[in-house]
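# A structural walkthrough
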Amino acid sequence: MKRREFLTTAGAAALALTLDSTYANGQPVPASASPLQPPINAESATSTYVILGVPLRAGSLYPGNENDAQAYRDADLVRQLNHAGRSAIDAGNLPIPSYLPHHSVPPIRSWPAPRIVWDLLSEHLTGILKQPGQTPLLIGCDCSVVVGTAQALSKVTSNDIHVLYIDGDCDDAAPISSRSQSAASCAVWFLTHDSPFWNGPPLKPSQVSFVGWTTPSQSPETGIRSTSLADLRRIGIRQSAQQVLAAIPPSAAILLHLDIDVFRASDLTAIYFPHEEGLSLEEGKELLGILLQDPRIRHIEISEYAALRDVGQNSVHQLVQILVDRLPPSKPQATSPC
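Every value quoted in this text rests on a predicted model; they were computed, and no experiment measured them.

Two strands in a sheet stick together by hydrogen bonds in their backbones, pointing the same way (parallel) or opposite ways (antiparallel). Strand order in this open sheet of eight strands is S4-S3-S5-S10-S9-S6-S7-S8, and the pairing throughout is parallel. This sheet does not close on itself; its edge strands, each paired only once, are strand S4 (88-93) and strand S8 (225-228). The sheet shows a mean angle of 15 degrees between the axes of neighbouring strands, direction not considered. The sheet contact formed by strand S5 (residues 134-141) and strand S10 (residues 297-303) spans three bridges and is parallel. Residue pairing for S10: Leu138 is matched across the bridge by Glu301. Most of the contacts of helix H8 (residues 237-246) go to S8, to which it runs at about 170 degrees, and overall it touches strand S6 (161-166), strand S7 (208-213), S8 and strand S9 (253-259).

Below is the structure:
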């Protein structure tokens, strides 16, 4: 069987598995009771953040920490958002099949596990994004999920999409047969190239912006708009953020991807791949305070939080507080008169 045929078969099998039952915190739940597409009360419809955990590390270099989303729940993310006027609901975890492979075979480690999850994630997010006034907020995920989330957003919007990739790394390494790489390290390459690794179609380089990196691009000829940490500090956080947003077409739907390794390790300890150099917490708050206010944002994801490195849960409480302070308040949606 050819690789493409195997991927298609594996993805279809994984999707079929979820039609009979879903899994919330590892426990089977009848499909009719799935938390992944919560009902909307038409009488009180508001702009709502739909919190979805993705309990997977197959896209990262090493497995482990598969239930990082629980730390956000332990830190009362949903309650605090609602208390602060940001309407939020907990949609549980994406149901992940138990049979996903873990291996070190080139070119992509643990393949096809990431692809199976992207397809499942795209299917579930498409349903959420079609609901009026709902903004998915992914937690507990690795960087590779951006492939599945971009695919979902492309399905539901008639406009172009744009990915704001806020990360200490550019994650645009090209897969090569001599080296086993994580899907996360190749995520932006997948997004912007035709390949057998996902269904595409790929985004144009002009549809992606790198923001805040300290490790430079591994594919420097990509043509992706890029604002490094040094650029942010040289130009100024506020002005840089405004320039990034101004360069995105007014009609674009924005996917905001935040890898917390854009912060320096001394300020945020629970980072999966820590960087000595990075944004301070105050710089990060200023940057996100501008970017998150943009009304074009349709999807948000926070990746690479490592619960095993957050024994006192200080880091997750800091992340929750950033969301509470910087996400725009929910606004009532217009309803038709009776």
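What follows picks up the thread again.
By size, the foremost hydrophobic cluster in this structure holds 51 residues, and its most contacted members are Val54 and Phe190. The set of elements that each furnish at least two residues to this core consists of strand S3 (48-53), helix H4 (113-129), S5, helix H5 (146-156), S6, helix H6 (187-192), S7 and S9. Of all the elements, H4 adds the most residues to this core, at nine residues. Not counting chain neighbours up to four residues away, the residues in contact with Phe190 comprise Ile108, Trp118, Val147, Pro175, Ala183, Ser195, Phe197 and Trp198. Residues Leu245, Leu256, Leu319 and Val324 belong to the second largest nonpolar core, which totals 49 residues.

Attention now moves to the pattern of salt bridges. Evaluated as defined, the whole model comprises nine salt bridges. Here Arg296 ties to Asp294 by a salt bridge, and the two come within 2.7 Å at their closest N and O atoms. Of the residues examined, Arg296 reaches a relative accessible area of 15% and is grouped as buried. Given a relative accessible area of 12%, Asp294 falls into the buried group. Taken together, the shared-partner salt bridges in this structure form one network comprising Arg233, Glu277 and Glu283.

Let us now look at helix H9 (residues 281-291). With respect to burial, H9 is a largely interior element, eight of its 11 residues being buried. Of all the positions in H9, only Leu281, Glu283, Gly284, Leu287, Leu288, Gly289, Ile290 and Leu291 are classed as buried.

Cis rather than trans, the peptide bond between Pro106 and Pro107 has omega equal to 0 degrees. Mapped onto the fold, Pro107 is located in the loop between S4 and H4. Cis geometry marks the peptide bond from Trp111 to Pro112, where omega comes out at 10 degrees. Tracing the backbone through its elements, the reader meets Pro112 in the loop between S4 and H4. Located in the positive-phi region is Asp76, a residue other than glycine, with phi close to 60 degrees. Along the chain, Asp76 turns up in the loop between helix H2 (69-74) and helix H3 (77-83).

The rules behind each value
- Residues numbered from 1 in each chain as written.
- Predicted model: local features only at pLDDT ≥ 70, side-chain atom pairs only at ≥ 80, totals over all residues.
- Heavy atoms only, no water.
- Pairing = 2+ DSSP bridges.
- Helix = DSSP H or I, 4+ residues; strand = E, 2+ residues; numbered from the N terminus.
- Axes fitted to C-alpha atoms, helices over the stretch in contact; angles between N-to-C directions.
- Contact = heavy atoms within 4.5 Å.
- Core = buried A, V, L, I, M, F, W, Y, C linked by side-chain atoms within 4.5 Å.
- Buried < 20%, exposed > 50% of the residue type's maximum accessible area, 1.4 Å probe, protein only.
- Salt bridge = Lys/Arg side-chain N within 4 Å of Asp/Glu carboxyl O.

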